[in-house]
Amino acid sequence: MTGRALVLVLCLVSLVCAVPARAQTGQCGDAKSTAASSGQAKGKRPVVFVHGWTGDPMTDSARKLSDQLDGKISTYTFDYGKWSSYWAADPHIAPCLATYLGQVSAAHKKAGGDGKLIVVAHSMGGLAVRYALTPELAKVVPYVITLGTPQLGSPWGGEGGPSRLVEVFQHALGKKLPPADGRDGGKCLAEHTKGTPLPRGCGDLPPWLPAGVNLTQIGGDATVNRTFFGWTAYSIPLASDGVVPLSSAHGYPVSGPTGNTPVDSAKSFSRRDTCTVDFGFVNRAAHELSFVPASMALDYFTLQDLQKDRFSLPVQAYLGGVTIAAACSHVRLPTDQSAVKQAVEVIKAALADLSQGATKVVNVVGVDKAGNSASGWTIEGESTEVEYCTPSPASVGKDIVTCSPTAAGALACWVTPDRHTLLCGGYPWEKRLHKVVSSSEVPTTTPPTATEPWGVDLEDGAKCLLRNGGSWGGRADGYVGAYSCDRGESEFILVGPGDQVAVNRLSPVWTVQVGALGADGEAFPPPTTKKIRTAYFAAAP
């Protein structure tokens, strides 16, 4: 890379760092994070903003989002200050962020709230969030929004790139200079593909976000228009915000260990902040930065290099100019009205979701430790003979089984001390049992690894019971029935083709797909997503 290219990058970074910081109570050393107790109120949702590499607190972005959410949120800017040239996993960054999120959550609870947070992260800040969120902490951070986060790195990063000189420049401004042993943020932001490791010394790939987190990735997508006398002759789509390619900003599903998102990971969504910029502005910005190769005037070279994924001088010139001039560029993304509007939409949906409260989980215990019916429960009907008893799919305790045949209604049965007599529940919301008997001794059982609720109450009041065998109808789209509901043949909880479970538990409010069943191959409208108010499981006394 030429010396003029380095001048470009230095100027870009100076823009990144030009966000004014707000002096607040320090967190994790000499940082300038907003005090965790500031502005806390039961009726306001805390939103934590995390800046990126070589950056400063996202004060302007926080103010803009707050203004457009009519006082429904309280904002907190996390600052890793002098350590912002270091890699996201450094002890001064991700662990400090984890501590800070815990403090903001605790302060919200103290103010009468539920402690649930929303996080908005720019650039490398999104990777710091991934390193920070443990499964326990993720319970209070159900929503994360990233703005231009390089999930798969950036062409400007890596060993031998301009990042080291940028960090030296930042050191002159008072920031810590990372050693060259792997804690160098710029080096570790190197581009990588599905499942490939980071540069030496950078450690493991950012971990997957835990289950229960909803991740929305917003990426900048700039297009350069070539105009002549006010007429657009053609356009050059860059699929980048100038620093982070759109494929990287949306790259979470393939960015972690092994490159394949596990089933028990966060649920991710992608959005684009698109914009167009005239070539004249791009060219002028690049000229002002003293970085324009002669070939920039010939779009043929740029288009060829873009198609071949080459980070050539013409491509660098375009990306550099776009970073300065485009509304959706990397440095403008946190405050660009289009990106802010999308973040506001996501936060509004999150506020509505969180205001309803998480799905309530009820562990039903129908017997006492002696194997008798629990207080308030009754035993009805005659004994039925059963066989082939295995752990119930709805059990969260030992010695709760399901047995054949289906007609016995033995979906959730508690084994009594004689190991032959079982007391089975019908509907989990009714305190009624019926007795069944196994001719052979029922072995001791433990809960299955993957459980399904015994029954659920849906948001519209419907009650649905887990399927216990039997012959059910079909559909042309391949969905099959998993729960029958008390709304008759028109309403079942369905499982889609290839899905393993019927209940989506990846957010605090669980959801299911509901639709009709009929003859095999019969066409029906697509299933409707419905929220679960209450989920019932069978538990041991």
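Residues numbered from 1 in each chain as written. Predicted model: local features only at pLDDT ≥ 70, side-chain atom pairs only at ≥ 80, totals over all residues. Heavy atoms only, no water.

Trainee: Requested: an account of a nonpolar patch on the surface, with residues and values cited.
Mentor: On the surface, Phe-228, Phe-229 and Tyr-234 cluster together to form a nonpolar patch covering roughly 410 Å² of accessible area. The topology assignment puts Phe-228 in strand β5 (residues 214–228). Residue Phe-228 is classed as partly exposed on the basis of its relative accessible area, which comes to 42%. (Patch = residues over 30% accessible without salt bridge, like charges linked within 9 Å, V, L, I, M, F, W, Y side chains within 5 Å. Areas by Shrake-Rupley, 256 points an atom, 1.4 Å probe, with all protein chains shown as cover. Salt bridge = Lys/Arg side-chain N within 4 Å of Asp/Glu carboxyl O. Helix = DSSP H or I, 4+ residues; strand = E, 2+ residues; numbered from the N terminus. Buried < 20%, exposed > 50% of the residue type's maximum accessible area, 1.4 Å probe, protein only.)

Trainee: Go over the state of the cysteines with me, naming the residues and quoting the values.
Mentor: What the rule picks out here adds up to five disulfides. Here Cys-275 pairs with Cys-328 through a disulfide, and the sulfurs are 2.0 Å apart. Taking the sign of the S-S torsion, -65° for the link of Cys-275 and Cys-328, the bridge is left-handed. Residue Cys-275 is found in strand β7 (residues 267–278), and its partner Cys-328 is found in the loop between α11 (313–325) and α12 (337–355); the two are separated by 53 residues along the sequence. Residue Cys-275 is classed as buried on the basis of its relative accessible area, which comes to 13%. Since its relative accessible area comes to 0%, Cys-328 is described here as buried. Disulfide partner of Cys-413: Cys-424, at an S-S distance of 2.0 Å. Between Cys-413 and Cys-424, the S-S dihedral sits near 105°, and the bridge is therefore right-handed. Linking Cys-413 in strand β12 (residues 412–415) with Cys-424 in strand β13 (residues 421–425), this pair joins segments that are 11 residues apart in sequence. (Disulfide = S-S within 2.5 Å.)

Trainee: Got a sec to walk through α11? Specific residues and values, please.
Mentor: Taking 1.5 Å as the rise per residue, α11 with 13 residues should run 18 Å; its terminal C-alpha atoms sit 18 Å apart, in good agreement. In terms of burial, α11 is largely enclosed, as 11 of its 13 residues are buried. Within the sequence span of α11, burial applies to Pro-314, Val-315, Gln-316, Ala-317, Tyr-318, Leu-319, Gly-320, Gly-321, Val-322, Thr-323 and Ile-324. (Expected span 1.5 Å × (residues − 1).)

Trainee: Mind laying out the pairing of strand β11 (residues 400–404), listing which residues take part and the relevant values?
Mentor: Of all five residues in β11, four are buried, a share of seventy percent or more. Note: strand β10 (residues 384–391) against β11, three bridges, orientation antiparallel. Directly across from Thr-390, in β11, lies its bridge partner Thr-402. Inspection of the sheet shows β11 paired to β12 by two bridges, in the antiparallel sense. Within the sheet, the bridge partner assigned to Val-401 lies in β12 and is Cys-413. (Pairing = 2+ DSSP bridges.)

Trainee: Quick one: what's the story with the layout of surface pockets, residue by residue and with numbers?
Mentor: Put simply, the largest pocket is a space of about 1,500 Å³. Along the wall of the largest pocket there are 50 residues; nearest its centre are Asn-504, Arg-505, Leu-506, Ser-507 and Trp-510. Where the lining of the largest pocket is concerned, the elements lending two or more residues are α5 (135–138), β5, β7, α12, β18 (492–495), β19 (511–515) and β20 (528–538). Tallying contributions element by element places α12 first for the lining of the largest pocket, with six residues. By residue class, the composition of the lining of the largest pocket is 26 nonpolar, 14 polar and 10 charged. (1 Å grid on protein atoms, 1.4 Å probe; cavity = no way out; pocket = protein on both sides within 12 Å on 5 of 7 lines; lining within 4 Å. Points joined across faces, edges and corners; volume = space filled by probe spheres on them. Nonpolar A, V, L, I, M, F, W, Y, C, P; charged D, E, K, R; others polar.)

Trainee: Help me get a handle on the packing of helix α3 (residues 94–110) against helix α4 (residues 125–132), residues and values and all.
Mentor: Where α3 contacts α4, the two axes come as close as 8 Å, and the packing angle between them is 75°. Of the possible angle classes, the one that applies to α3 and α4 is roughly perpendicular. Together, Ala-94, Leu-97 and Ala-98 of α3 and Ala-128, Val-129, Tyr-131 and Ala-132 of α4 make up the contact between the two elements. Considering only residue class, the contact of α3 with α4 consists of seven nonpolar, no polar and no charged. (Axes fitted to C-alpha atoms, helices over the stretch in contact; angles between N-to-C directions. Parallel < 35°, antiparallel > 145°, perpendicular 65-115°, else oblique. Contact = heavy atoms within 4.5 Å.)

Trainee: Which residues make up the packing of aromatic side chains, and what values go with them?
Mentor: Counted under the stated rule, the structure contains 11 aromatic pairs. Between Trp-83 and Tyr-86, the ring centres sit 5.1 Å apart and the planes meet at 70°, which makes this aromatic pair edge-to-face. Taken as a pair, Trp-83 and Tyr-86 share a single burial class, namely buried. When the ring of Trp-429 is compared with that of Tyr-536, the centres are 5.7 Å apart and the planes differ by 65°; the resulting orientation is edge-to-face. With a gap of 107 residues between them, Trp-429 in the loop between β13 and β14 (432–438) and Tyr-536 in strand β20 connect regions that are remote in the sequence. Put simply, the rings of Phe-78, Tyr-80 and Tyr-100 pair up and form one aromatic cluster. Sitting over the face of the ring of Trp-510, Arg-505 holds its NZ or CZ atom 5.0 Å from the ring centroid. (Phe/Tyr/Trp six-rings, centres within 6.5 Å; stacked < 30°, edge-to-face > 60°. Lys NZ or Arg CZ within 6 Å of the ring centre and 35° of its normal.)

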